[in-house]
Amino acid sequence: MTTWDPALYLDFDDLRSRPFLDLLARVGARAPRHVVDAGCGPGHLTQVLAQRWPGARVTAFDSSAEMVAAARERGIDAVQESVTDWAPEGDVVVTNAVLQWVPGHRALLRRWLEALPDGGWLAMQVPGNFSAPSHELAREVADRFDVDLRDAATVAEPAGYAEDLAAASSVDVWETTYLQRLTGEDPVLRWISGTALRPVRDALSDAAYRDFTADLAPRLREAYPANVDGSTWFPFRRIFAVARR
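Residues numbered from 1 in each chain as written. Predicted model: local features only at pLDDT ≥ 70, side-chain atom pairs only at ≥ 80, totals over all residues. Heavy atoms only, no water.

- Under an unreviewed UniProt entry, the protein chain has the name Trans-aconitate 2-methyltransferase and belongs to Actinomycetospora aurantiaca.

Have a look at this one:
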């Protein structure tokens, strides 16, 4: 199981939140009774669900004990559970930047859709940047340390998710590439350290991980050169799907 650092994850809170807000904007549920955040992370976005639907019961779960603890500190009704073990419930299910960690998640999506009540909504977002230089370079360096990282086959293309959800009464699938402006020292390395590099952090000792990042950092700086003002442009592709039962 991947170990998560809620504080590191929230280093780029505004940029990580935007895809969630764009996803939520396409969910047309008006007065749901029960809204579930599947893979809630530290719970900062679960609070947005409660604001959107103040009359609904909002619950959440995550496989990470650290993330669940952080969510509970925010007052979220969160429990530790894996998405693969979760029995679908609720009439709105939102899963944001989670399913890329779950092998076979396309079958899981179909099962969740079938379990929704009539009129229920399923909304999901996954990163679609596994072929980006950031991830290709990370895989190259990780191979030298005998650590496997996920490749482009980790997620489907938008058409694949549209096919998976075709049984819904309405399906909305799209992709967006956000051109994110990062700042600070080695900002791309810091960005992927909070997510994509967590398996590397778990697999290596402290010393080996320092060697890993020392090897990767200059490669990322070359692939993503800083602008004259010191900021760095980082394209990030995301894939979205919203379906109504």
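The rest of the description comes next.
1. Some words on the overall build of the protein chain
Here comes step 1: Across its full length, the protein chain carries ten helices and seven strands.
Here comes step 2: The C-alpha radius of gyration computed for the protein chain amounts to 18 Å, which stays within 12% of the reference 18 Å derived for 245 residues, consistent with globular compactness.
Here comes step 3: Along the first, second and third principal axes, the C-alpha set of the protein chain runs to 50 × 40 × 35 Å.
Here comes step 4: In the protein chain, buried positions account for 53% of the 245 residues. (Helix = DSSP H or I, 4+ residues; strand = E, 2+ residues; numbered from the N terminus. Rg over C-alpha atoms; globule rule 2.2 N^0.38 Å. Buried < 20%, exposed > 50% of the residue type's maximum accessible area, 1.4 Å probe, protein only.)

2. Side note on the environment of R210
Here comes step 1: On the secondary structure map, R210 appears in helix α10 (residues 206-223).
Here comes step 2: Sequence spacing of R210 and D164 is 46 residues, and the spatial spacing of their C-alpha atoms is 41 Å.

3. What to know about the side chain of D37
Here comes step 1: Relative to the helices and strands, D37 resides in strand β1 (residues 34-38).
Here comes step 2: One buried charge, D37, has no salt-bridge partner; the nearest side chain with opposite charge is R74, at 10 Å.
Here comes step 3: Dropping the residues within four chain positions of it, D37 is found in contact with L45, T46, L49, T59, A60, F61 and V94. (Lys, Arg positive; Asp, Glu negative; His and termini not counted. Salt bridge = Lys/Arg side-chain N within 4 Å of Asp/Glu carboxyl O. Contact = heavy atoms within 4.5 Å.)

4. Here's the deal with the packing of aromatic side chains
Here comes step 1: Summed over all chains, the structure comprises nine aromatic pairs.
Here comes step 2: Aromatic pair F234 and F236: ring centres 6.0 Å apart, planes at 85 degrees, arrangement edge-to-face.
Here comes step 3: With relative accessibility at 6%, the residue F236 sits in the buried group.
Here comes step 4: An aromatic cluster of at least three residues, connected via ring pairs, comprises W191, Y224, F234 and F236.
Here comes step 5: Just above the ring of W101 sits the side chain of R150; from NZ or CZ to the centre is 3.8 Å. (Phe/Tyr/Trp six-rings, centres within 6.5 Å; stacked < 30°, edge-to-face > 60°. Lys NZ or Arg CZ within 6 Å of the ring centre and 35° of its normal.)

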